[in-house]
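Survey of secondary and tertiary structure
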Amino acid sequence: MHAVRTAIIVAVVVALTSAHAIAVKEKDESEPQNEVSQTSEEESATEAQGEPIRLEEIEVVGEREISRAVQEVIEAEEVGRLQLTNTAEGLLEHTAGVNLSRQRSSGNESHRLTIRGFDESRSRILLNGRNLHGAGVYGGYYVDWDSLSLADVERVELIRGAGPAKYGNNLGGIMNIVSKKGSKEPKTTLHLRGGLIDEDAREDAWNARVSHLGSYGPFLYSFSAAHLDSDGFLRNAFSDRDLFSGSVTYAFSEKLDLTLSGRYNINESGMIIYNRPDSPFYDPDKPASLDGFLGGPGLPFKNGPGNWGPYYAGDGSYWRDKRLNLDTCLSYDDRDFGFDLHAFYMDQERIERYYAITNPDHLIFERESAPEKDNWGWRADFRNTLRGASTHTIEYGAQGTYLGYGDIDVKYYDPQYFFSPPSGVHPNLQDSKGKDTVTEWEGAYIQDTWKVTDWLDLEPGIRFDRFTAEPAESGQMDMDEHKLSPRLAATFYPWEGGHVTGRYAKTYRFPTIPEYYWWNAGFQPAGRKDLAPEDADQWELEVGHDVSDNTSLTARAYYYDVEDYIRTIFGYRPSRLVYNIGNVEFKGFELEVSHKLPHHLRVWANYTFQHTKKQGDVLDASSDLTDELVELPENMFNVGIGYEKPNGLDARLTLRYVDGRQAIRGNLTQAGGAYLEDVDGFMDLDLTMSYPIYRGNGGREARWELAVDNILDQHCEEEYGFPAPGLTVFTGLKFQF
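Since we're looking at a predicted model, the values are computed, not measured.

From N to C terminus, the protein chain includes four helices and 35 strands. Against the 2.2 N^0.38 benchmark of 27 Å for 737 residues, the protein chain shows a C-alpha radius of gyration of 26 Å, consistent with a compact globule. Based on the C-alpha atoms only, the size of the protein chain along its principal axes is roughly 80 × 60 × 50 Å. Burial analysis of the protein chain (737 residues in total) assigns 55% to the buried set.

Spelled out as structure tokens, the structure:
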């Protein structure tokens, strides 16, 4: 058994056998009640405003402390706000360093979220601190955003960059989604909402979601359910989602508890159909867009864009996903010692049905697949605080994630619609066997937050990661990587209200299952070296100053040097080419300012600059056109003003600007075959507001809500070829009791 597994098994056994003794001891001993920290008037106003909150050192006694590394928190008030987005990544829309590239308001396509230029495959997305990434096969997405109900989200935490040694296999940042837990006092929240997407298209959308928190004796429980239904904006982009989640927490004592939780969702989404004037099947009543087929592997249609004819998929084509997530966590939290022991399970089943573009009633292809098959993982985190002349908070732990995928079962296909080689049937039209475990990622870390003096904190840390990958067929390359990653941060407090933090991190990002599979099964150029993990040196600097009780200013700069950056280029036969390129540099600057005005007003703004440069990409024909990752905007800014009167009107007006970008089009496999297509920059002005129409005792309240999205009615594109809706209006009611 590997050393990391042995270490974690020993740690888990020790913690579990200690749990009963801890509970008995706490029951028998008389201990003073924990103090509950008081929130200042300014902090209360900030949280109620619902804006991202910049955190300094936080002392919280009696509840779990938010990590000092967290830079932004999207609180419950913001999560519950009426807005067009209904998936978790959309909550970061107005956050510095974050860019969204969505084909539609809800969906699972990759690259929906980038943090400092790195998408979901290179950033770390967590649920209650544990890994949320899936296998990424049969469609290529790594985070199932549609499976996370906002009704179950308590808050979202964001760390930019590699962060402390606790976090591995990450380049861009960490997004931690914290779910709701039960409470001693019962609380029920109900949202009923609906509206029209785009004033011209007038497509309907509505949703309802409910959550209930409560307790029974030593048990705390939570439950949430949501239904979301949308006609969509683009052609055939309908969505019908049902989401259920719940948790039960048994409190052994005030400090020790065990939580069991689960999430189940059914998602039926339409395949976005190509709808541009060059198509003989163009529908002028729908926006012009590229196609966005979900699922995979891709199908070898005889016709399609650039080769039009009747043998292609059309309206009515869809997929239906069913996903189950199960979690358990044993937690202990005392002033000087604590631990969290997680175990989780992920499973997903999918049905895809394609219908003919000339006849939406004619089924041309159907298959079933299991993109996630009995995937699982664990995580164990421990904390000790040592107090003396100086204070050390020692954090240490380990983790493991084991990913594979299930079978593909082709139920039916109409052969006249598909290409097949002379020797038989195209492999993507045939059944295929899955593989239970393709990649194993295990790691261990230790880090110290050392408060040296009143004006200096040091955070040294180191982590060890082991990554293995097994090929689908004998004779292909396997992987067995062992990496050591030192981290160091220093924070100075040179003046009252100010801080300066410098951070260095050596980080690695291991290949995803699709990258590993297609390195073996894709195009094999001569002289290509073995697939290697991405290797990065990351340097960061942050300067923050609280000018007054009402005004704060933060500036950040970063430089990331990434060796062996992994590229995937489509078009090379039989499907794509995966390879490491020499080097990519990421550099950027972020500025945030917030000011509280009289009369319950607050203004805030942030600006982001990011730039990239790549070297040694000899297999991409577009390298002759640019040495940048052109899909990333260089400049972004957000400006907002909010009004929040306690128990009264809550309103917010925000403006988001995203710079122009470019998209690489054409044939990337041939010299001169690629070209750059401009994507215009845009401004998005949004208004959200709510007003209480009833208030009763015990926090009972009914609120009317209104959201107006894209007030300027700009038909902009976050993702090339997929226009976003114009002026969109939603309204609804929120009940809390």
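A few words now on the pairing of strand E32 (residues 701–709). If a strand is regular, its side chains alternate between the two faces of the sheet. Within E32, eight of the nine residues are buried, which leaves it mostly tucked inside the rest of the structure. Connecting strand E31 (residues 682–695) to the antiparallel partner E32 that follows it, the hairpin turn spans five residues, and glycine 698 within it adopts a positive phi of roughly 70 degrees. In this structure, E32 lies alongside strand E35 (residues 728–736), joined through nine bridges in antiparallel fashion. Residue pairing across strands places glutamate 705 opposite glycine 732, the latter belonging to E35.

Under the defined criterion, the tally for this structure stands at 55 salt bridges. The residue arginine 556 makes a salt bridge to glutamate 72 at a minimum N-O spacing of 3.8 Å. Residue arginine 556 is located in strand E24 (residues 551–570), and its partner glutamate 72 is located in strand E2 (residues 72–74); the two are separated by 484 residues in the primary sequence. Take arginine 556: its relative accessible area is 2%, and that puts it in the buried class. Put simply, Glu72, Arg116, Arg160, Glu540, Glu542, Arg556, Glu590 and Glu592 are held in one network by salt bridges that share partners.

This brings us to the packing of aromatic side chains. A full pass over the atoms with the stated rule returns 33 aromatic pairs. Between tyrosine 413 and phenylalanine 418, the ring centres sit 6.2 Å apart and the planes meet at 75 degrees, which makes this aromatic pair edge-to-face. Judged by its relative accessible area of 3%, phenylalanine 418 falls in the buried class. With a centroid separation of 4.9 Å and 5 degrees between ring planes, the pair formed by phenylalanine 467 and phenylalanine 510 is classed as stacked. You can see phenylalanine 467 sitting in strand E20 (residues 456–469) and its partner phenylalanine 510 sitting in the loop between strand E22 (498–509) and helix H4 (513–521), a full 43 residues away along the chain.

Quick look at the side chain of glutamate 395 now. Structurally, the position occupied by glutamate 395 is in strand E17 (residues 391–405). The buried charged residue glutamate 395 lacks any salt bridge partner; its closest oppositely charged side chain belongs to lysine 166, at an N-O distance of 4.3 Å. Sequence-distant contacts of glutamate 395, that is, excluding residues within four places in its chain, are made with Lys166, Phe382, Arg383, Tyr445, Ile446, Gln447 and Thr449.

With that out of the way, let us pick up the pairing of strand E15 (residues 337–356). The element E15 is extensively covered by neighbouring structure, given that 16 of its 20 residues are classed as buried. Adjacent in sequence and paired antiparallel, strand E14 (residues 318–333) and E15 are bridged by three residues. With 18 bridges joining them, E15 and strand E16 (residues 359–387) adopt antiparallel strand pairing. Note on E16: the bridge partner recorded for leucine 341 is alanine 380.

Ranked by internal contacts, the top residues of the largest apolar core, which has 40 residues, are Phe301, Tyr354, Ile364, Phe365 and Leu531. At the level of secondary structure, the elements contributing two or more residues to this core comprise E15, E16, E17, strand E18 (408–413), strand E19 (435–453), E20 and H4. For phenylalanine 365, the residues in contact, after removing those within four places along its chain, are Leu299, Glu352, Arg353, Tyr354, Val410, Tyr412, Tyr413, Phe418, Asn428 and Leu429. Leu91, Val98, Leu158 and Ile177 belong to the second-largest nonpolar core, a separate cluster that totals 21 residues.

So, on to unusual backbone geometry. Most of the time, phi is negative for any residue but glycine, and the peptide bond is trans. The amide bond that connects glycine 296 to the next residue, proline 297, takes the cis arrangement and shows omega of 5 degrees. Phi at histidine 600 takes a positive value of approximately 65 degrees, unusual for a residue other than glycine. For histidine 600, the position within the fold is in the loop between strand E25 (576–597) and strand E26 (601–615). Since its relative accessible area comes to 38%, histidine 600 is described here as partly exposed. We note that asparagine 710 has phi near 60 degrees; this positive angle belongs to a residue other than glycine. Position of asparagine 710 among the secondary structure elements: in the loop between E32 and strand E33 (717–719). Its relative accessible area of 2% is what places asparagine 710 among the buried residues.

Note that aspartate 146 resides in the loop between strand E6 (130–131) and strand E7 (153–160). For aspartate 146, a relative accessible area of 2% corresponds to the buried category. Within the structure, the side chain of aspartate 146 is placed 3.1 Å from the side chain of asparagine 267, a separation counted as a polar contact.

Once that is clear, we can look at the environment of asparagine 697. If you trace the backbone, asparagine 697 turns up in the loop between E31 and E32. Looking at asparagine 697, the relative accessible area reads 62%, which means it is exposed. When the C-alpha atoms of asparagine 697 and phenylalanine 737 are compared, they prove to be 9.1 Å apart, with 40 residues separating the residues in sequence.

Moving on, we get to H4. Among the nine residues of H4, seven are classified as buried, and the element is accordingly described as predominantly covered. If you check which residues of H4 are buried, you get Ile513, Pro514, Glu515, Tyr516, Trp518, Trp519 and Asn520.

All right, on to the environment of alanine 651 then. With respect to the helices, strands and loops of the structure, alanine 651 is situated in strand E28 (residues 650–658). Residue alanine 651 is classed as buried on the basis of its relative accessible area of 16%. Taking the C-alpha atoms as reference points, alanine 651 and serine 106, separated by 545 residues in sequence, lie 24 Å from one another.

In this model, the protein chain carries a mean pLDDT of 89, and residues with pLDDT of at least 70 account for 90%. Between residues 1–51, whose pLDDT stays under 50, and residues either more than four places distant or in other chains, the model counts 69 contacts. Predicted confidence for residues 53–63 stays below pLDDT 50, and this span has 32 contacts to residues more than four positions away or in other chains.

We now examine the environment of isoleucine 693. Its place among the elements puts isoleucine 693 in strand E31. Isoleucine 693 sits in the exposed class, given a relative accessible area of 55%. The sequence separation of isoleucine 693 and lysine 734 amounts to 41 residues, and the corresponding C-alpha distance is 10.0 Å. Apart from the residues lying within four places of it in its own chain, the contact partners of isoleucine 693 are Ala702, Arg703, Trp704 and Leu733.

Parameters and conventions
Residues numbered from 1 in each chain as written. Predicted model: local features only at pLDDT ≥ 70, side-chain atom pairs only at ≥ 80, totals over all residues. Heavy atoms only, no water. Helix = DSSP H or I, 4+ residues; strand = E, 2+ residues; numbered from the N terminus. Rg over C-alpha atoms; globule rule 2.2 N^0.38 Å. Buried < 20%, exposed > 50% of the residue type's maximum accessible area, 1.4 Å probe, protein only. Pairing = 2+ DSSP bridges. Salt bridge = Lys/Arg side-chain N within 4 Å of Asp/Glu carboxyl O. Phe/Tyr/Trp six-rings, centres within 6.5 Å; stacked < 30°, edge-to-face > 60°. Lys, Arg positive; Asp, Glu negative; His and termini not counted. Contact = heavy atoms within 4.5 Å. Core = buried A, V, L, I, M, F, W, Y, C linked by side-chain atoms within 4.5 Å. Polar contact = N/O pair within 3.5 Å; in protein donor to acceptor, adjacent residues only side chain to side chain. pLDDT = per-residue confidence, 0-100.

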